[in-house]
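# Analysis of the macromolecular model
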Amino acid sequence: MRKILSVKQLLKELKAQSGSMRRKLLFYMCLLVLTGIGIFILILMAMGVFKEGRQNFEQSLTLQLKNSEKDVRELMDFQVGNALKLSERLRTALEAETLTYPYNIKELENDAAGLKKMQLNIYPLIENTLNITRVSGVFAIFDATVNKEAPGAENSRSGVYLRVANISSGNAPENDIFLFRGDPEVAMQNHIQLHNRWNMEFNTAQMDWYKSQLSSKAQEEKYLWIDRHNVQGTWENGVFLSVPVTGNGGENYGLCGLEISNLLFSLRYPAVESRYGKMTTALVPVLKNRLLLSDGLIGQQGDAYISGIKEFGIEYGNDFNIYKNGTEDYLGMHRIIEGAKDEKGREWAIAVFLSFNDYNEQIARQRLKIIIAVLIFIPVMLIAAFVLSHHFVKPIVQGLEELKNEDAGQTHRVSGISEIDALAEFLELKNKEHQSGNKIESVLPPEIEELFNNFIENAEKLTTSEYNILEYYINGYEIADIPDLACISMNTVRKHNRSIYEKLNVKSNDELKLYTDLLKRCGRITELERETDEPV
């Protein structure tokens, strides 16, 4: 049977337990770190941090839509006001300088001289409106032609159309003005050039709104927004604001208005850079759940290539909308502009959107940053846990190393850990008692005595079979000896061991033997005996 361990051997057992202590402390600190990280992530989720990207995107869209809507509304109101003023001034000029009472525009039919005089008279009004509004063109067309017998005369109408050549965003101090439609004498007398796509008169066959608006009553429509059309004879296109020129008698002499080319709109509304990609602004008609891009104006597109897209299907969302065209999706918002309707009765809206792919890429980058931060944070905290656990365990290990010296003449150096120092003092007394053979009164440290008391108290919870196994260990037998001694299988021994460890609050057979050896040294091993049990 195994003898009672010497003090040195006991200290070696304690040192062996210190490794387990370090692992346990490291495990507990790592568990604490991971629990803290979990709680931190839950708090972040509760605060909506992981939804921050979506919320920021919504705020960016809302702000850009609000700014664009305000600017477009003001610009449209300004353009409508100037177009209405132009209509009124043209009426006054015609009735004062060109027409004779009772004012019928048809009196200028086949009158080349009269039409030229009219154009020269109204030129300053059109040029002034062009300079004020900073649009790409201003026109005035009247229901009369130079030669109604000429081929195609039914669609040919006289008037003046001025266009800007070097289109800018609207802030340029001067723009080159060209005569696009009108008598060449108008260009000569006002020192401007003829447009390279100049024609004498308008072709109303390419102005599908002309006849219907011309025949409308004054109280029906003061103005109309015309959806995107090609500018006759050019590669350019744009939308038009058309206003009837109505005489005092209520008869419409013709139409006047403004041209806003898509090029001008794109210069005024460049793609807006955001953290989620470049946002595009559009002014387009809305029909049911569709944005009709091909009929409206599109700002600079940035990374969203939508020039060839005719329309977007709208999928409304709580925060923002998804616009679909069958090949690529876009995210954005749109808002109806009150009072803005075209010749087909469709409402118009200002829209802001960007590519869904750009948004997903940015959100993925943000999430990757969070993941990287967590992946860096976890090993840093684990290293910190390892360092701290080593820092706390190291003094204990050093204290136990010093206790291994059994030289009676050497005094134990204070470790600074009260439990280690108390145990060292107690063991030194026991060592002296063993060497001298004399009984030395000593008192166990309170902490050690509490451990022994708990161990003895817990031993009373053992069943008879479990106590018999414990008694074999007290008598120095090893685990391998128990099956033959108790006439049971090794599996049964292991089952009893697990129950014994749990009830005595120990983690291993080595720790169990450590307790029994210390109880023997302190003379308290008899407190584990049971009066009713037979010796093994």
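Given the structure is predicted, the values throughout are model-derived calculations rather than measurements.

### Structural notes on the overall build of the protein chain
When helices and strands are counted, the protein chain shows 13 helices and 17 strands. Excluding contacts between residues fewer than 6 apart, the proportion of contacts in the protein chain whose partners are at least 24 apart in sequence is 62%. For the protein chain, the exposed area adds up to about 28200 Å²; of that, 53% sits on carbon and sulfur atoms.

### Let's talk about the sheet that holds strand S3 (residues 159-164)
Spatial strand order, S5-S4-S3-S1-S9-S8-S7: seven strands in an open sheet with mixed pairing. The open sheet has two free edges, formed respectively by strand S5 (193-199) and strand S7 (224-230), since each of these has just one partner strand. Averaged over all neighbouring strand pairs, the angle between strand axes comes to 25°, with direction disregarded. When strand S1 (residues 137-142) meets strand S9 (residues 252-261), the two strands line up antiparallel, connected through six bridges. Looking at S9, one finds that Phe142 is bridged to Gly254.

### Some words on helix H12 (residues 490-504)
Relative to the 21 Å expected for 15 residues at 1.5 Å per residue, H12 spans 21 Å between its end C-alpha atoms, a close match to the ideal helical length. Of all the residues in H12, the buried ones are Val493, His496, Asn497, Ser499, Ile500, Tyr501 and Leu504. Taken together, the buried residues of H12 touch helix H9 (446-459), helix H10 (464-474), helix H11 (482-486) and helix H13 (509-521). Backbone geometry just downstream of H12 places Asn505 in the positive-phi region, at approximately 65°.

### Structural notes on the packing of aromatic side chains
Applying the stated criterion to the full structure yields 20 aromatic pairs. Their ring planes at 90° and their centres at 5.0 Å tell us that Tyr161 and Phe180 sit as a pair that is edge-to-face. Pair noted here: Tyr161 is in strand S3 and Phe180 is in strand S4 (residues 177-181), with a separation of 19 residues, a long-range link. Look at Phe180 and you get buried, because its relative accessible area is 1%. Here Tyr472 and Tyr477 contribute two aromatic rings whose centre-to-centre distance is 6.0 Å and whose plane-to-plane angle is 80°, an arrangement assigned as edge-to-face. Members of the aromatic cluster, each reached through a chain of ring pairs, are Phe139, Tyr161, Phe180, Phe202, Trp209 and Phe240. Over the face of the ring belonging to Phe180 we find Arg163, whose NZ or CZ atom lies 5.5 Å from the ring centre. Across from the ring centre of Phe180, 4.1 Å away, lies the NZ or CZ of Arg181, which sits over that ring.

### Describing the environment of Ser136
Its place among the elements puts Ser136 in the loop between helix H3 (112-133) and S1. Overall, Ser136 belongs to the buried group, its relative accessible area being 1%. Along the backbone, Ser136 and Ala165 are 29 residues apart, and their C-alpha atoms lie at a distance of 8.1 Å. Not counting residues within four places of it along the chain, the set of residues in contact with Ser136 comprises Leu130, Leu162, Arg163, Val164, Ile167, Glu259, Ile260, Ser261 and Leu264. Polar side-chain contacts of Ser136 include one of 2.8 Å to the side chain of Glu259.

### Some thoughts on the confidence of the model for the protein chain
Averaged over every residue, the pLDDT of the protein chain is 81; residues scoring 70 or more account for 77%. Every residue in residues 14-19 is under pLDDT 50, and counting partners more than four places away or in other chains gives 12 contacts.

### Considering unusual backbone geometry
Cis peptide bonds are those with omega within 30 degrees of zero, and the linkage from Tyr101 to Pro102 qualifies with 10°. Its place among the elements puts Pro102 in the loop between helix H2 (52-98) and H3. The backbone phi angle of Tyr103 is positive, close to 55°, even though this residue is not glycine. In this structure Tyr103 comes out as partly exposed when scored by relative accessible area, which is 23%. Of note in the backbone geometry, Asn110 takes a positive phi value of approximately 65° without being a glycine. Within the secondary structure, Asn110 is located in the loop between H2 and H3. By relative accessible area, Asn110 is classed as partly exposed at 38%.

### Some words on the nonpolar core
Among the nonpolar cores identified, the biggest contains 61 residues, and Phe57, Leu90, Phe142, Leu162, Ile260, Leu283 and Tyr359 are the most heavily contacted of them. Take this core: its biggest share by element is 10 residues, from H2. Residues in contact with Phe142, not counting those within four places in the same chain, are Leu90, Leu94, Ile105, Met118, Ile122, Arg157, Ser158, Gly159, Tyr210, Val245, Tyr253 and Gly254. Core analysis: the second largest hydrophobic core is formed by 26 residues, Ile456, Leu470, Tyr515 and Leu518 among them.

Reading the values: the criteria
Residues numbered from 1 in each chain as written. Predicted model: local features only at pLDDT ≥ 70, side-chain atom pairs only at ≥ 80, totals over all residues. Heavy atoms only, no water. Helix = DSSP H or I, 4+ residues; strand = E, 2+ residues; numbered from the N terminus. Contact = heavy atoms within 4.5 Å. Areas by Shrake-Rupley, 256 points an atom, 1.4 Å probe, with all protein chains shown as cover. Pairing = 2+ DSSP bridges. Axes fitted to C-alpha atoms, helices over the stretch in contact; angles between N-to-C directions. Expected span 1.5 Å × (residues − 1). Buried < 20%, exposed > 50% of the residue type's maximum accessible area, 1.4 Å probe, protein only. Phe/Tyr/Trp six-rings, centres within 6.5 Å; stacked < 30°, edge-to-face > 60°. Lys NZ or Arg CZ within 6 Å of the ring centre and 35° of its normal. Polar contact = N/O pair within 3.5 Å; in protein donor to acceptor, adjacent residues only side chain to side chain. pLDDT = per-residue confidence, 0-100. Core = buried A, V, L, I, M, F, W, Y, C linked by side-chain atoms within 4.5 Å.

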